[in-house]
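Fold and contact review
Here's the letter readout for the chains.
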Amino acid sequence: MFDAKKLLDQFLGSQVPGLSGSVRDRAGQATEIAKNNPMKAGAIAAAIFGTKTGRKLAGNAAAVGGIAAIAGLGYLAYKNYQSGKTPQAVQQPQPTQELLPPPKDSPFHPESPALSNNFAMTLVQAMIAAAKADGHIDAAERARIMEKLQVSELDREAEAFIEKELADPLDIDALVAAAKTEEQKVELYTASRLTIEPDSRAERGYLDLLAGRLGLPDQLVEHIEVTVSAAKV
């Protein structure tokens, strides 16, 4: 089985080679590198999520990368939700601020047993599902994406996994079933929201459906929305 946590790092930032400067600078560089050099890991995210204007790489999430970004943002939103404050009353981190990791004893910590390689794979599936939510990734677009990925530095097993996920029908039931705990449900929604800007009815509808199927309270969803939005460039 391929390393799904490494794949998440390639999707969300910290392992993209050749990046320097501020978080904001790195996010911009990642997009440029991916466009000009498909051999760079950042091309994976750009190929899949850069298919529609408005999808953006995360801001301070890009500083820590993949599963740590998802876990850190999910933990922050969950902690703020548990505080009882409204999302508007909570001071959110700015894109240039460091995203602090969850405590080591938290289920949100990247090394927690809850964040296994299998669940990391589920998070990758959730991100691809979100990217497909507006129906933009048709057969022709899938072919273009795979053409780019086939010349990238991607493990063949991981490449085959992505190809299958892009081609298979959206299966929200399987995603929801894979999230066993409340923390995993928060991370699943956070990963999905990180992937897209819900600027179409289809995307907004998908996120609303996912939140409802996961059983996330409206106030918690609002905290995730505000936290992820604040973390983006």
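The structure contained in this document is the topic of the report that follows. Keep in mind that this is a model prediction, so the values were computed, not measured. (Residues numbered from 1 in each chain as written. Predicted model: local features only at pLDDT ≥ 70, side-chain atom pairs only at ≥ 80, totals over all residues. Heavy atoms only, no water.)

1. Quick notes on the packing of aromatic side chains
Per the stated rule, a full pass over the model turns up four aromatic pairs. For the pair F2 and F161, a centre-to-centre distance of 5.1 Å together with 50° between the ring planes defines the contact as tilted. Here F161 lies in helix α8 (residues 156-167) and F2 lies in the segment before α1 (4-12), a separation of 159 residues in the sequence. For the pair F2 and F161, a shared accessibility class is recorded, and that class is buried. Look at Y75 and F108: their rings are 5.9 Å apart centre to centre, the planes differ by 65°, and that puts the pair in the edge-to-face class. Note that Y75 is positioned in helix α5 (residues 66-82) and F108 in the loop between α5 and α6 (117-132), a separation of 33 residues in sequence. The exposure class of F108 is buried, given its relative accessible area of 2%. Connected via pairs of aromatic rings, a cluster forms that spans Y75, Y78, Y81 and F108. (Phe/Tyr/Trp six-rings, centres within 6.5 Å; stacked < 30°, edge-to-face > 60°. Helix = DSSP H or I, 4+ residues; strand = E, 2+ residues; numbered from the N terminus. Buried < 20%, exposed > 50% of the residue type's maximum accessible area, 1.4 Å probe, protein only.)

2. Quick look at the packing of helix α10 (residues 182-195) against helix α12 (residues 218-231)
Where α10 meets α12, the axes come as close as 10 Å, and the angle between the chain directions of the two elements is 45°. The orientation of α10 with respect to α12, classified from their angle, is oblique. Crossing of α10 over α12 shows right-handed handedness. Taken together, the residues of α12 that come into contact with α10 (itself represented by E182, V186, Y189, T190, R193 and L194) are L220, V221, I224, E225, V228 and S229. (Axes fitted to C-alpha atoms, helices over the stretch in contact; angles between N-to-C directions. Parallel < 35°, antiparallel > 145°, perpendicular 65-115°, else oblique. Left-handed = near helix turned anticlockwise from the far one by under 90°. Contact = heavy atoms within 4.5 Å.)

3. Considering the pattern of salt bridges
Using the criterion set out here, one finds eight salt bridges in the structure. For E159, the salt bridge identified is with R156, shortest N-O distance 3.5 Å. With E159 and R156 both in helix α8, this residue pair falls three residues apart, about one helical turn. E159 sits in the buried class, given a relative accessible area of 8%. By relative accessible area, R156 is classed as exposed at 51%. Taken together, the shared-partner salt bridges connect R193, E197, R204, D208 and E225 into one network. (Salt bridge = Lys/Arg side-chain N within 4 Å of Asp/Glu carboxyl O.)

4. A few points about the packing of α6 against α8
At a closest axis distance of 9 Å, the pairing of α6 and α8 adopts a crossing angle of 40°. When the axis of α6 is compared with that of α8, the two are oblique. Note that α6 runs across α8; the crossing there is right-handed. Taking contact as the criterion, the partners of M121, V124, Q125, I128 and K132 in α6 are, on α8, F161, I162, E165 and L166. Counted by class, the contact of α6 with α8 contains six nonpolar, one polar and two charged residues. (Nonpolar A, V, L, I, M, F, W, Y, C, P; charged D, E, K, R; others polar.)

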